[in-house]
Amino acid sequence: MGLLDIILGRTKPVAADLDRLFALPSAAVTLEAAVSLTPTGTGAVCFATVEGAAFDGVRREVRALLDADAGRTGPPVGIERDEYGYSWLVSRRDPRDLPALVSDLHAVNSALEGDGFGPQLLCSVVGFRGEGEGEGEGEGEGGGARLGLVYLYKRGTFYPFAPTPGAGRRRDNALELRVRAVLGDELRIEPELSRWFPIWGAPGL
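A brief report on the enclosed structure follows.

Scoring rules and cut-offs
- Residues numbered from 1 in each chain as written.
- Predicted model: local features only at pLDDT ≥ 70, side-chain atom pairs only at ≥ 80, totals over all residues.
- Heavy atoms only, no water.
- Helix = DSSP H or I, 4+ residues; strand = E, 2+ residues; numbered from the N terminus.
- Contact = heavy atoms within 4.5 Å.
- Areas by Shrake-Rupley, 256 points an atom, 1.4 Å probe, with all protein chains shown as cover.
- Buried < 20%, exposed > 50% of the residue type's maximum accessible area, 1.4 Å probe, protein only.
- Pairing = 2+ DSSP bridges.
- Axes fitted to C-alpha atoms, helices over the stretch in contact; angles between N-to-C directions.

## Some thoughts on the overall build of the chain
Counting its regular elements, the chain contains 5 helices and 6 strands. Moving toward the C terminus, one meets the helices and strands of the chain in the order α-α-β-α-β-β-α-β-β-β-α. When contacts within the chain are restricted to residue pairs at least 6 apart in sequence, long-range pairs at least 24 apart make up 67% of them. For the chain, the exposed area adds up to about 9,600 Å²; of that, 52% sits on carbon and sulfur atoms.

Right, dumping it as structure tokens:
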């Protein structure tokens, strides 16, 4: 089933279970204890860009919904477009308040889904980083390691994406596999490694 098939309505996508996002705060505690990675405070929802007044209206609605939160600190919700033409609605929260960030991502997905744009939703990601630089990159313990926990909207599954620090586009496969083992009891991990798509340039990574 290809993305184009879903967008054009040729294949009915599997119903998403957005409540699975609420398992992320508990998983983050396990992740910090096992591999010394903590939330960055940034999360984002990726969707296929669709032009038109209706879609622009939904994006304004989502931004107004999240920006109306009196407890929000830092920059407002933003919209970015990556080099592949996909759009990211980005939320930034206090790194210590992962539940609020997850609630933002759930609200964004729900709003887009409720307005008929479910087929355009691709994934959500929450960023994590280790402390320090230069040590333990392959093991994911400190050393400036980076990680995104990615939720695939149409699969209802998660997978780890770990871009290596520095120039070039390389993945820390050892860290990704270790995170899979660590979080196997916390999250529904995507079993097909071919679906662990790289999300180069995702906000928060």
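Continuing now.
## Here we look at the environment of Pro198
Its place among the elements puts Pro198 in the segment after α5 (173-183). On the basis of relative accessible area, Pro198 is assigned to the partly exposed category, the value being 39%. On a C-alpha basis, the gap between Pro198 and Pro160 in space is 9.6 Å, while along the polypeptide they are 38 residues apart. Those residues in contact with Pro198 that sit more than four places away from it in its chain are Phe161 and Arg171.

## Focus on the sheet that holds strand β3 (residues 86-92)
Ordered by their spatial adjacency, 6 strands build an open sheet running β2-β3-β1-β4-β5-β6, and the pairing between neighbours is antiparallel. Each edge of the open sheet is held by one strand with a lone partner, namely β2 (78-81) and β6 (157-161). For this sheet, the mean inter-axis angle between neighbouring strands, taken without regard to orientation, is 25 degrees. Pairing geometry for β2 and β3, over 4 bridges, is antiparallel. Counterpart to Arg81 in the pairing with β3 is Ser87.

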